Amino acid sequence: MKPVAVGLIGAGPWAEMAHAPMLRKSPHTQLAGVWARRPEAAARLGAPVFERVEELFEVCEAVAFSVPPAVQAELGILAARAGKALLLEKPLAGSVDDAQRLADAVGEAGVASQMVLTMRYAAQTRTFLARCGEIEPFGGHAANISDALIQIDSPWRRERGALLDVGPHVIDLLDAALGRVVGVRAHGDPLGWTGLLLEHEGGGVSEASLCMSAVGDLPPSSFAVYGRRGNAVLLPWDDDPFEAIAAEFAQTVRRGGGHPLDAAHGLRLQKIIAEAESQLS
């Protein structure tokens, strides 16, 4: 299969550390060019730099995003209308309304879309979810505790906190393990400690603790699910999920249509997070 020519929007630390290396290294993709607010940062990513985003669209089949959520929603709509497949970061947008507009644009244009929910592409995660499918799960818990708000200079993260940043990863994985989330109750502070109680289709219940303001020697994230036929625990990764992301995105682009983790899925996660945020305000 011919590598898919992918344009990259954004040139911040995450683009430099994850997106650009992924698109350059994968045999399934080609980094066709970069557009960013700061051309000098884009020049470090090892691809042609374009002054206008429309010029980037002219040289690629698909577009990957590594920008703040509100910017992704705005430029994602432009890319979809230009007929480009979208590799989207989480969260989908800064608000439900913007997420809805982006998901609608993807649907109206008929372009492929895929979310970079990194945990879902790791081999250990797929083993964990397969096990969850065997045990008739009824409950589970997760914790994602870090010092990211202290370490990362990211205005949108410092404003919205853990729920919008790591919340999509955690909610998505519990949703996949226990069934679709149909209700959420939240307490705490997104900039401090946030607790979630998720109700799942079929009667399962899970709890999640989120924090990005901790200090000291911190434990890795944890996921455990319990069922009538046993339990499942997510083991630490020992592979590179970005290899799978690039390969699956190329397949999605070539095949056309959607991916299980598409923009519509990102919109559903955004609605759950918005409901939780409304309970914390």
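Scroll up to find the structure.
## Some words on the nonpolar core
Thinking step 1. Counting 97 residues, the largest nonpolar core has Leu8, Ile9, Phe65, Phe128, Leu196 and Phe223 as the members making the most contacts within it.
Thinking step 2. Per-element tally for this core: the top contributor is helix α12 (residues 263–280), with seven residues.
Thinking step 3. Apart from the residues within four sequence positions on either side, Ile9 is in contact with Trp35, Val53, Leu56, Phe57, Val63, Ala64, Phe65, Ser66, Val67 and Leu75.

## Details of the packing of aromatic side chains
Thinking step 1. Counting across every chain of the model gives one aromatic pair.
Thinking step 2. Aromatic pair Trp14 and Phe242: ring centres 5.8 Å apart, planes at 65°, arrangement edge-to-face. Of this pair, Trp14 sits in helix α1 (residues 13–25) while Phe242 sits in helix α11 (residues 241–255), and the two are 228 residues apart along the sequence.
Thinking step 3. Assessed through its relative accessible area of 33%, Trp14 is described here as partly exposed.

## Structural notes on α12
Thinking step 1. Spanning 18 residues, α12 covers 26 Å between terminal C-alpha atoms, matching the ideal 26 Å at 1.5 Å per step.
Thinking step 2. Taken together, the buried positions of α12 are Ala263, His265, Gly266, Leu267, Arg268, Leu269, Gln270, Ile272, Ile273, Ala276, Glu277 and Leu280.
Thinking step 3. Capping the start of α12, Asp262 holds a side-chain oxygen 3.2 Å from the backbone nitrogen of Ala264, two or three residues further along.

## Examining the layout of surface pockets
Thinking step 1. Space inside the largest pocket adds up to approximately 1,500 Å³.
Thinking step 2. If you trace the largest pocket, you find 44 residues lining it, with Trp14, Lys90, Ile152, Arg157 and Asp165 closest to the centre.
Thinking step 3. Breaking the lining of the largest pocket down by element, the ones donating at least two residues are α1, α4 (69–81), α8 (155–160) and β10 (222–227).
Thinking step 4. Sort the elements by how many residues they give to the lining of the largest pocket and α1 lands first, with four residues.

## As for empty space enclosed by the protein
Thinking step 1. With the rule as written, the count across this model stands at one cavity of 30 Å³ or more.
Thinking step 2. Considered as a void within the structure, the largest cavity measures approximately 40 Å³ in volume.
Thinking step 3. Along its surface, the largest cavity is lined by Lys90, Pro91, Leu92, Met115, Pro168, Gly266, Leu269, Gln270 and Ile273.
Thinking step 4. The element best represented in the lining of the largest cavity is α12, accounting for four residues.
Thinking step 5. Counted by class, the lining of the largest cavity contains six nonpolar, two polar and one charged residues.

## Description of the side chain of Asp172
Thinking step 1. Within the fold, Asp172 resides in helix α10 (residues 167–178).
Thinking step 2. Residue classification places Asp172 among the buried residues on the basis of a relative accessible area of 1%.
Thinking step 3. Sequence-distant contacts of Asp172, that is, excluding residues within four places in its chain, are made with Leu117, Arg120, Gly167, Leu261, His265 and Leu269.

## Quick word on the sheet that holds strand β5 (residues 113–115)
Thinking step 1. Pairing is parallel in the open sheet, where five strands are placed in the order β2-β1-β3-β4-β5. Edge positions in the sheet fall to β2 (29–35) and β5, since each of these pairs with one other strand and no more. If you compare each strand with its neighbour and ignore which way they point, the axes differ by 20° on average.
Thinking step 2. Both strand β1 (residues 4–9) and strand β3 (residues 62–65) contribute to a ladder of four bridges, which runs parallel. Within the sheet, the bridge partner assigned to Gly7 lies in β3 and is Val63.
Thinking step 3. Sheet strands touched by α1: β1, β2, β3 and β4 (85–88). Its angle to β2, the strand with the most contacts, is close to 135°.

## Observations regarding unusual backbone geometry
Thinking step 1. A cis amide bond, omega -10°, links Lys90 with the succeeding residue Pro91.
Thinking step 2. By the secondary structure assignment, Pro91 is in the loop between β4 and α5 (96–109).
Thinking step 3. Not every positive phi belongs to a glycine, and Glu136 is a case in point at roughly 50°.
Thinking step 4. Tracing the backbone shows Glu136 in the loop between α6 (123–132) and β6 (137–145).
Thinking step 5. Owing to a relative accessible area of 35%, Glu136 belongs among the partly exposed residues under this scheme.

## Side note on the pattern of salt bridges
Any two side chains of opposite charge can pair, so long as their charged atoms come close to each other.
Thinking step 1. Across all of its chains, the model carries 13 salt bridges by this definition.
Thinking step 2. As a salt-bridge pair, Arg254 and Glu61 come within 2.6 Å of each other at their nearest N and O atoms. Taken together, the positions of Arg254 in helix α11 and Glu61 in the loop between α3 (53–57) and β3 put the pair 193 residues apart, joining distant regions of the chain.
Thinking step 3. For Arg254, a relative accessible area of 34% translates into the label partly exposed.
Thinking step 4. Overall, the relative accessible area of 29% leaves Glu61 in the partly exposed class.

## Some words on the packing of α1 against α11
Thinking step 1. Relative to each other, α1 and α11 sit at 55°, their axes nearing to 9 Å. Viewed along their axes, α1 and α11 adopt a mutual orientation that is oblique. Two packed elements cross with a definite hand, and for α1 against α11 that hand is right-handed. On the side of α1, the interface is formed by Trp14, Ala18 and Met22, while α11 contributes Phe242, Ile245 and Ala246.
Thinking step 2. Looking at the contact of α1 with α11 residue by residue, the class counts come to six nonpolar, no polar and no charged.

Rules of the game
Residues numbered from 1 in each chain as written. Predicted model: local features only at pLDDT ≥ 70, side-chain atom pairs only at ≥ 80, totals over all residues. Heavy atoms only, no water. Core = buried A, V, L, I, M, F, W, Y, C linked by side-chain atoms within 4.5 Å. Buried < 20%, exposed > 50% of the residue type's maximum accessible area, 1.4 Å probe, protein only. Helix = DSSP H or I, 4+ residues; strand = E, 2+ residues; numbered from the N terminus. Contact = heavy atoms within 4.5 Å. Phe/Tyr/Trp six-rings, centres within 6.5 Å; stacked < 30°, edge-to-face > 60°. Expected span 1.5 Å × (residues − 1). Polar contact = N/O pair within 3.5 Å; in protein donor to acceptor, adjacent residues only side chain to side chain. 1 Å grid on protein atoms, 1.4 Å probe; cavity = no way out; pocket = protein on both sides within 12 Å on 5 of 7 lines; lining within 4 Å. Points joined across faces, edges and corners; volume = space filled by probe spheres on them. Nonpolar A, V, L, I, M, F, W, Y, C, P; charged D, E, K, R; others polar. Pairing = 2+ DSSP bridges. Axes fitted to C-alpha atoms, helices over the stretch in contact; angles between N-to-C directions. Salt bridge = Lys/Arg side-chain N within 4 Å of Asp/Glu carboxyl O. Parallel < 35°, antiparallel > 145°, perpendicular 65-115°, else oblique. Left-handed = near helix turned anticlockwise from the far one by under 90°.

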